[in-house]
Amino acid sequence: MVGQTIVDSETARLRMEELQRLVEHHRFLYYVLDKHEISDAEFDALFNELVALEEKFPDLKSANSPTQKVGAPPSTDFKSVKHRLPMLSLSNAMSAEELDKWEERIVRGLSLGDPRSADLAYACELKIDGLSIVLTYKKGEFVQGATRGDGTVGEDVTNNLKTIKILPPRLTPLAVQEDGTVLSPEEAEKAREAGGKVSERLPEYVEVRGEVYLPISSFKALNEALVDANEASFANPRNAASGSLRQKDPRITRKRNLALWAYFIYVEDDVIKQPSTHSAGLAMLKSLGLPVEPNFEVVHGAGAVKQFCDKWATSRHDLDYQTDGVVIKLDERRLWTELGATSHSPRWAVAFKYPPEEAETVLEDILFEVGRTGAVTPVACLRPVKLAGTTVKRASLHNADQIARLDVRVGDTVVVRKAGEIIPEILSVNLNLRPPSSTSFKYPSQCPVCHTPLVFSQDEVAVRCPNTYNCISQCERRLKHWVSGDAMDIEGIGEVLIAELVKADLVRRPSDFYKLTLDKMLSLPRMGTKSAEKALRNIELSKGRPLSRLINALGIRHVGTTVAELLASHYSSIDDLRAAKQADLAGIEGVGPVMAETIVEFFQDPEVVRLIDELKEAGLKMKEEDQERLPTAPQTLAGKTFVITGTLSSMERSDAEKQIKARGGKATSSVSKNTNYLVVGASPGSKLAKAQELGVTILDENQFVALLADESL
């Protein structure tokens, strides 16, 4: 059927269901099992075919289609969700002795006699330091996701969870025997070979508990991007995961690359039996297509539990996700009911917590790094010390206030800890070991790179080098940002090559990339022909990047990827953005007055004007083509201001806003007394109540479509 033209809806429906299944299958193989059955190109072909069919037959598109993972309409707030089963906290065990006492309490509670003779099975799982969530599936379809909240009531974050690539929108059917026993794929195959009756079935109702986390690699990339955009970075991956999952705009969540491990399942079904053990529940989760942390083990007795904890005390640092302990549960679920729970925690489970790792070392020097926006950040150079599985040589000192608070000096013996076991930080100074010759550290008054006098502002903590265009460090950082993945995405040009290009005076400004030739590239030391040709090809390809990428690449202070996309959705070209009034920019939700002022000042800079002119001359894409064509529509909405809330079924919110602007109207994000119309889709947020309070005209989707068609209401 691939490649054939589908004209009837029934054939399309069958093919779309098949494509959805195939796409989710290969995503599961890739993200969960780290396997490949088809090439990336073959996967893209399946995905693109599904997109094309959904565009041709919009009435058949499912809300849980894999294509819907790439974004969801922003919500204005989070609704409360009462949990069907309470989410209790776990009691903690901070030592091997406390683990022994916990097992003794279990043995007494079960009246088993001597703990040493009680051969109890325990499921041991790594404790993921993330955000607990509840997932609800009905007849195999993902219908709701909520945060833990207070354990009884959480927040509805369904749309944000849909952006997590590894989370299946549709469960994989289970292999079930006549008596309701769930079989693994291997067991099902053997049962069928032996003539047994095995059917495929999806449970009527499934509730899943899991932990949303941010991989360490994604955490580091996120913080680097935030620092480059002069925004506050996250202290640890857990804070980043929590902040990302609770974004009001799922498009922001999608960019954070969140992941998920599922660890508990509750089933309601007339046929399928509830798992009798915790380990069987984990196996069922895997069979349903949900990701399960692979390092769990079932062991017997507290001694084996302690061995598991000891094994991972160091090995956990090799993982790409943060763990701060081990969760231990009785494997037999019938014993959970027998032991029960306190008002705060179950008696059949405990969390063993690893102690935070700290170490003393000597502060050998304090250096300063200059970022692309001119911010000068102090960095502590340490005598190498082993900490949390890695050798630590550097730690951030954040700013002058932090140095003053710690009274840290070169030569001091300092206590170092990894914040969230990721970022090295100096906790304190051991004053007893301070050298007699020690003197207070003085913050430099000049840029460490270009020696320009630094600017100390009362409005912000950062100290800045004002030599924006002649400071080599700022220059190299801006060029590095220009070629990065969220900006112009130029592969083959990294930090080392940028330094060589700057040193050879071949590139100082982003526009200089587009003046490079093969001869110029080959003049660099150790540059081969193939590498040079690849870099030049990718530079040429970058000319066609979307407008939002270009805006982000320009490196406007405070403007990161999300704000760049926001600006591109309101202004169809760089010229339109350059001409934008500060008041109009400030009126965009997510921009505000401070950022608006920065954007206006940026485009008034003569160097920026020159840069954009050179980029235009080089042939870079300066406008969005679809937005360029829209103004030909009749200006029937001139002077009218619209706000959209909820989900529209006939078009994406961004498309609706483009239609409004194409007809001379204005689309904003906030309801005010200046709003003429509020367009209400499915699941509207708090904007509806505010519009009713202000007496704003309310339009449903049909009325809005009629208004676009210039029909009477």
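Residues numbered from 1 in each chain as written. Predicted model: local features only at pLDDT ≥ 70, side-chain atom pairs only at ≥ 80, totals over all residues. Heavy atoms only, no water.

Asker: Could you give an account of the sheet that holds strand β9 (residues 198–201), naming the residues involved and the relevant values?
Answerer: The strand order across the open sheet built from three strands is β8-β7-β9, with neighbouring strands paired in antiparallel fashion. One side of each edge strand has no neighbouring strand; the edge strands of this open sheet are β8 (182–183) and β9. Where strand β7 (residues 174–177) lies against β9, four bridges are found, and the strand directions are antiparallel. Looking at the pairing, Val-176 lines up with Ser-199 of β9. (Pairing = 2+ DSSP bridges. Helix = DSSP H or I, 4+ residues; strand = E, 2+ residues; numbered from the N terminus.)

Asker: A description of the packing of helix α3 (residues 96–109) against helix α10 (residues 301–315) should follow, citing residues and the corresponding values.
Answerer: In helix packing, the relevant descriptors are the interaxial angle and the interaxial distance, both defined with respect to the helix axes. With their axes 10 Å apart at the nearest point, α3 and α10 run at an angle of 145 degrees to one another. α3 and α10 meet at a crossing whose hand is right-handed. Contact with α3, carried on its side by Ala-96, Leu-99, Asp-100 and Glu-103, involves Gly-301, Ala-302, Val-305, Lys-306 and Cys-309 of α10 and no other residues of that element. Counted by class, the contact of α3 with α10 contains five nonpolar, one polar and three charged residues. (Axes fitted to C-alpha atoms, helices over the stretch in contact; angles between N-to-C directions. Left-handed = near helix turned anticlockwise from the far one by under 90°. Contact = heavy atoms within 4.5 Å. Nonpolar A, V, L, I, M, F, W, Y, C, P; charged D, E, K, R; others polar.)

Asker: Summarise the nonpolar core; cite the residues concerned and give the values.
Answerer: Grouped together as the largest cluster of nonpolar side chains are 53 residues, with contacts concentrated most on Trp-482, Phe-513, Ile-551, Leu-567, Leu-585 and Ile-599. Counting only elements with at least two residues in this core, the list comes to α13 (472–483), α14 (495–503), α16 (529–541), α17 (547–553), α18 (561–570), α19 (574–578), α21 (592–604) and α22 (606–618). Each residue touching Phe-513, except ones within four places of it in the same chain, is listed here: Leu-479, Trp-482, Val-483, Ile-493, Ile-498, Leu-501, Val-507 and Ile-539. By size, the runner-up hydrophobic cluster in this structure holds 37 residues, among which are Leu-167, Leu-214, Val-267 and Ile-272. (Core = buried A, V, L, I, M, F, W, Y, C linked by side-chain atoms within 4.5 Å. Buried < 20%, exposed > 50% of the residue type's maximum accessible area, 1.4 Å probe, protein only.)

Asker: Residues and numbers for unusual backbone geometry, please.
Answerer: Positioned with a positive phi, Asp-505 is a non-glycine residue whose angle comes to about 60 degrees. Topologically, Asp-505 is positioned in the loop between α14 and α15 (518–522). Note on Asp-505: relative accessible area 53%, which makes it exposed. With a phi close to 60 degrees, Arg-526 is a non-glycine residue in the positive phi region. For Arg-526, the location among the structural elements is in the loop between α15 and α16. Using a relative accessible area of 75% as the deciding quantity, one classes Arg-526 as exposed.

Asker: Can you lay out the environment of Thr-391 for me, pointing to particular residues and giving the numbers?
Answerer: Examined against the element boundaries, Thr-391 turns out to sit in strand β17 (residues 390–396). In contact with Thr-391, other than residues within four places in its own chain, are Pro-384, Val-385 and Lys-386.

Asker: Help me get a handle on the pairing of strand β24 (residues 677–680), residues and values and all.
Answerer: Burial along β24 is two-sided: the face carrying Tyr-677 and Val-679 and the face carrying Leu-678 and Val-680 are both buried. In this sheet, strand β25 (residues 697–700) lies alongside β24 in parallel orientation, the contact comprising four bridges. Within β25, the residue paired with Tyr-677 across the bridge is Thr-697.

Asker: If you had to explain the side chain of Glu-207 to someone new, which residues and values would you point to?
Answerer: Mapped onto the elements of the fold, Glu-207 is located in strand β10 (residues 205–213). Judged by its relative accessible area of 3%, Glu-207 is buried. Within polar-contact distance, the side chain of Glu-207 engages the side chain of Tyr-205 at 3.0 Å. Only 3.0 Å separates the side chain of Glu-207 from the side chain of Arg-209, close enough to count as a polar contact. (Polar contact = N/O pair within 3.5 Å; in protein donor to acceptor, adjacent residues only side chain to side chain.)

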